[in-house]
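# Descriptive analysis of the structure
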There are 2 protein chains.
Amino acid sequence: MPDVIPNDSVGLVTPQIQHFDEPLTLRSGRVLEKYDLIYETYGELNADRSNAVLICHALSGDHHAAGYHSMDDKKPGWWETCIGPGKPIDTNRFFVVSLNNLGGCAGSTGPTSTNPETGKPYGPEFPIVAVRDWVNSQARLADVLGIDVWAAVIGGSLGGMQVLRWSIQFPERLKHAVVIASAPKLSAQNIAFNEVARQAIAKDPDFHDGWYQEKNTLPKAGLMQARMLGHLTYLSDDAMRQKFGRELREGKLNYSFAPEFQVESYLHYQGEKFSTRFDANTYMLMTKALDYFDPARDHDNDLRKCLSQAQCRFLVMSFTTDWRFAPARSEEIVNALIHADKEVSYACIESDNGHDAFLLPIPRYLDIFQAYMDGVAERSFEGATA
Amino acid sequence: MPDVIPNDSVGLVTPQIQHFDEPLTLRSGRVLEKYDLIYETYGELNADRSNAVLICHALSGDHHAAGYHSMDDKKPGWWETCIGPGKPIDTNRFFVVSLNNLGGCAGSTGPTSTNPETGKPYGPEFPIVAVRDWVNSQARLADVLGIDVWAAVIGGSLGGMQVLRWSIQFPERLKHAVVIASAPKLSAQNIAFNEVARQAIAKDPDFHDGWYQEKNTLPKAGLMQARMLGHLTYLSDDAMRQKFGRELREGKLNYSFAPEFQVESYLHYQGEKFSTRFDANTYMLMTKALDYFDPARDHDNDLRKCLSQAQCRFLVMSFTTDWRFAPARSEEIVNALIHADKEVSYACIESDNGHDAFLLPIPRYLDIFQAYMDGVAERSFEGATA
């Protein structure tokens with residue numbers, strides 16, 4: 001944490017936990033009898049509750065999207081770039097809600113939580129959750145917070161899939177959908193990358209078929225490999241070339257199998273850090289939610305027909321060097337929305353940073369995002385109160 | 001094996017083993033006191049020994065490039081598409097030599113061979129070999145076979161790197177260099193993919209730091225993951241979409257972690273098959289040779305200066321959807337060759353098949369390859385005897 005909290009940060013924030021007792025029937029047919037959702041809010045809800053926006057997180061994200069938990073925090077929340085006073089998601093104007101999804105490992109009910117039926121952690125018995133299940137649970141959180149209609153639902157990557165699902169599942173409950181670096185469904189290549197990552201975890205002998213908590217172990221090696229692979233695919237070839245080139249850690253080849261190139265050390269570091277902070281069963285669940293997402297499947301595989309149910313306006317953004325969720329995938333969404341006669345703005349942002357770009361302060365990205373959010377405020381509440 | 005050997009196959013072939021007693025000093029400084037190379041030949045060496053071509057193999061390849069070892073063989077050699085009577089590398093005209101590289105696991109001296117100093121398998125103590133070491137060993141094999149000058153040295157991927165190295169290491173010993181789907185050096189992204197694969201192997205508890213032979217185990221899980229990842233990156237996103245789409249093995253989602261999408265089953269199958277046929281230490285060595293290859297490093301990182309030593313003509317070919325060894329990487333070679341005033345032909349072949357395209361019967365690829373090899377024959381021996 002900096003010595004002084006920057007003016008454009010939401011500052012110190014405290015997560016809250018909401019308990020739910022009403023059973024939630026999941027896409028898989030299984031039922032969560034009760035569960036908790038952990039969330040944070042930034043900014044103030046206005047009198048007519050019209051300025052609320054929901055942030056949906058991606059694979060490894062959580063509820064802590066902005067600000068600091070304590071003065072000892074080294075880093076702010078994961079989307080500090082975009083959330084705060086004067087930023088695109090301007091907390092002087094919007095009431096921002098950010099939660100950890102079901103199945104997560106940051107405080108919402110997930111594999112590390114106690115299964116009330118057994119008194120032990122769920123572990124691998126935690127049900128596989130689908131994007132629609134998250135949206136249902138998010139709607140219940142909105143009910144508790146007294147938010148009938150979101151001014152906007154916003155997310156990148158897997159978060160963008162939740163936004164798309166919101167637009168067709170509760171069309172009357174959001175005015176704007178912001179879908180960033182996302183896709184209407186994963187490609188075979190994306191599913192394949194996820195499966196290689198899952199195999200790395202599942203084959204780690206410390207995984208114990210997901211019962212590592214009971215065994216007092218952690219499948220760190222598997223999770224590290226999964227993260228190394230993920231991280232590598234979130235960067236573009238260009239970004240890696242600029243960042244690492246073929247630089248050698250010690251300036252010369254050692255003819256050994258120890259990490260020699262800087263890119264190797266970097267990935268090792270990222271992988272190891274992740275392997276102690278993230279839960280392996282959650283990683284398995286999140287990747288499955290990604291693989292399964294395909295809202296057009298229920299509409300004769302016709303995305304236009306699927307999205308014709310939406311009633312909100314859309315902003316879709318993509319990044320030129322993102323090859324996990326390439327611009328062409330965002331354009332499938334845009335094309336379907338235009339065919340379905342929806343209002344959609346689209347920006348493909350020039351960037352060298354691959355999929356990770358949606359987390360970075362790229363001027364045109366922030367500018368377009370901010371301008372669009374101005375319109376969201378204008379249409380949702382400021383125009384009304386002027 | 002088909003019931004009848006096709007007319008355009010070299011048919012039944014028998015590998016030969018050549019023993020070398022002269023010590024080979026490697027790039028790493030270590031010395032192989034003696035070693036064997038296993039190789040196959042197809043076609044007949046002509047009287048003035050001017051029709052010989054050398055095939056250099058890629059990461060998981062070996063000496064068995066064409067034909068069948070027995071009538072029970074289910075598959076021919078790995079480059080049957082391009083080698084045989086009437087094919088681009090026409091065995092009616094050329095004498096083709098194909099060997100397994102040092103460090104390999106198909107019969108040449110490598111990690112599974114007995115270390116004469118210990119009487120046990122080398123295992124992880126087999127020295128790391130560089131592309132230049134392979135070229136040196138290939139030159140010694142040429143000496144034994146009485147081949148002073150190759151009509152052409154030919155290879156794809158890591159094989160193409162050996163061809164480039166031949167052109168500068170023994171410039172007077174080849175007339176043509178055919179470099180297919182290759183690169184002048186790996187990018188950071190490529191190195192990163194290799195490191196993730198190596199980690200998968202090294203972290204497999206059955207790897208035992210490379211001493212699995214002594215422990216009577218095989219790091220099958222790690223090798224399977226490495227191969228799944230490799231295979232995935234050799235295919236293009238388009239090829240995977242066409243081949244698998246998002247088809248489900250059983251027609252519906254099971255909400256389980258078992259392979260559900262066809263692309264997952266395919267990769268599992270490929271990975272498992274590989275994990276029993278390939279040696280893990282060899283995989284480690286081959287990927288390191290790839291990472292280290294960077295011939296311009298000794299020439300102020302100036303590829304033009306490096307390639308100016310070459311005296312042969314070049315054919316360079318790339319494939320549009322190959323993202324591991326993208327056309328832009330081949331074009332770096334072409335640009336440097338033109339700047340160095342060398343004769344170079346270049347074709348970027350339209351293909352959906354990613355890096356694997358160089359093994360496939362793509363009409364324009366075979367046509368250009370064949371036409372160029374006509375010229376090789378004409379310039380190397382047919383013109384002379386006409």
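Residues numbered from 1 in each chain as written. Chains lettered and ligands numbered in written order. Predicted model: local features only at pLDDT ≥ 70, side-chain atom pairs only at ≥ 80, totals over all residues. Heavy atoms only, no water.

Applicable threshold: UniProt positions are given in the numbering used here, feature names are shortened, and annotations may be inferred rather than shown by experiment.
An unreviewed UniProt entry annotates chain A as Homoserine O-succinyltransferase of Thalassolituus maritimus. What UniProt states about chain A under its Subcellular location (unreviewed entry) heading is, verbatim, "Cytoplasm".

## Some thoughts on the relation of the copies chain B and chain A
So the rule is basically this: C-alpha atoms of residues with pLDDT of at least 70 in both copies form the basis for the least-squares superposition of the copies. Residue contacts follow a heavy-atom distance rule, with two residues in contact if any of their heavy atoms lie within 4.5 Å.
The transformation that overlays chain B on chain A combines an axial shift of 0.0 Å with a rotation of 180 degrees, and the residual RMSD is 0.0 Å. Taken together, the turn and the small shift mark the pair as related by a two-fold rotation axis. Most of the interface of chain B is mirrored in chain A, where 100% of its interface residues again form contacts.

## Focus on the interface of chain B and chain A
To keep things clear, this is the line we draw: Accessible area that two parts lose when put together, evaluated with a 1.4 Å probe and summed over both, is termed the buried area. Salt bridges are defined by distance alone: a side-chain nitrogen of Lys or Arg within 4 Å of a carboxyl oxygen of Asp or Glu.
Each partner contributes to the interface: chain B provides 54 residues, whereas chain A provides 54 residues. In total, about 4,800 Å² of surface goes out of reach between chain B and chain A, with carbon and sulfur atoms giving 68% of it. Its largest share of buried area at the contact with chain A, chain B owes to Arg 246, Tyr 255 and Phe 257 of chain B, together 18% of the area lost on that side. For the pair chain B and chain A, the number of links is eight salt bridges.

## Looking at the state of the cysteines
Residue and element names in this part refer to chain A. We apply this condition: In what follows, a disulfide is any cysteine sulfur pair within 2.5 Å. Working definition: with a 1.4 Å probe on protein chains only, accessible area under 20% of the residue-type maximum means buried, over 50% means exposed, and in between means partly exposed.
Counted by the stated rule, this structure contains zero disulfides over all chains. As a non-bridged cysteine, Cys 56 has Cys 312 as the owner of its nearest cysteine sulfur, 12 Å distant. Residue classification places Cys 56 among the buried positions, given a relative accessible area of 1%. Cys 82 takes part in no disulfide bond, and the closest cysteine sulfur, belonging to Cys 56, lies 14 Å away.

## Describing helix α6 (residues 262–277) of chain B
Just so we agree on the cut-off: Here a helix means four or more residues in a row that DSSP labels H or I, a strand means two or more in a row labelled E, and each is numbered from the N terminus. Residue count minus one, scaled by 1.5 Å, sets the expected span of a helix.
Taking 1.5 Å per residue, 16 residues should reach 22 Å; α6 of chain B reaches 23 Å between its end C-alpha atoms and fits that length. Burial in α6 of chain B covers these residues: Val 263, Glu 264, Ser 265, Tyr 266, Leu 267, His 268, Gln 270, Gly 271, Phe 274 and Ser 275 of chain B.

## Regarding the sheet that holds strand β10 (residues 176–180) of chain B
Residues and elements named next belong to chain B. Rules: Strand pairing is defined by DSSP finding a minimum of two bridges between the two strands. To get an axis, fit a line to the C-alpha atoms, keeping to the stretch in contact for a helix; angles then go from 0 to 180 degrees between the N-to-C directions.
Within the open sheet, the eight strands sit side by side as β1-β4-β8-β5-β9-β10-β11-β12. Their pairing is mixed. The open sheet has two free edges, formed respectively by β1 (16–20) and β12 (344–349), since each of these has just one partner strand. Between one strand axis and the next, the sheet turns by 20 degrees as a mean value, whatever way the strands run. Here four bridges tie strand β5 (residues 52–56) to strand β9 (residues 152–156), and the two strands are oriented parallel to one another. Pairing of Ile 55 across the sheet is with Ile 154, part of β9. Sitting on the sheet, helix α1 (residues 131–145) touches β1, β4 (35–42), β5 and β8 (95–99), and the angle it makes with β4 is about 60 degrees.

## Description of the packing of aromatic side chains
Stated formally: Geometry of aromatic contacts follows a simple scheme: Phe, Tyr and Trp rings, the Trp one being its six-membered ring, pair when their centres are within 6.5 Å, and the pair is stacked under 30 degrees between planes, edge-to-face over 60, tilted otherwise. The criterion is that NZ of a Lys, or CZ of an Arg, lies within 6 Å of the ring centre and within 35 degrees of the ring normal, and then a charge sits over that ring.
Tallied over the full model, the rule gives 37 aromatic pairs over all chains. Clustering of aromatic rings is evident, with ring pairs tying together Trp 78, Trp 79, Phe 319, Phe 358, Tyr 365 and Phe 369 of chain A. The side chain of Arg 227 of chain B reaches across the aromatic face of Phe 274 of chain B, ending 4.3 Å from its centre. One residue, Arg 379 of chain B, lies across the ring of Tyr 372 of chain B, its end atom 5.9 Å from the ring centre.

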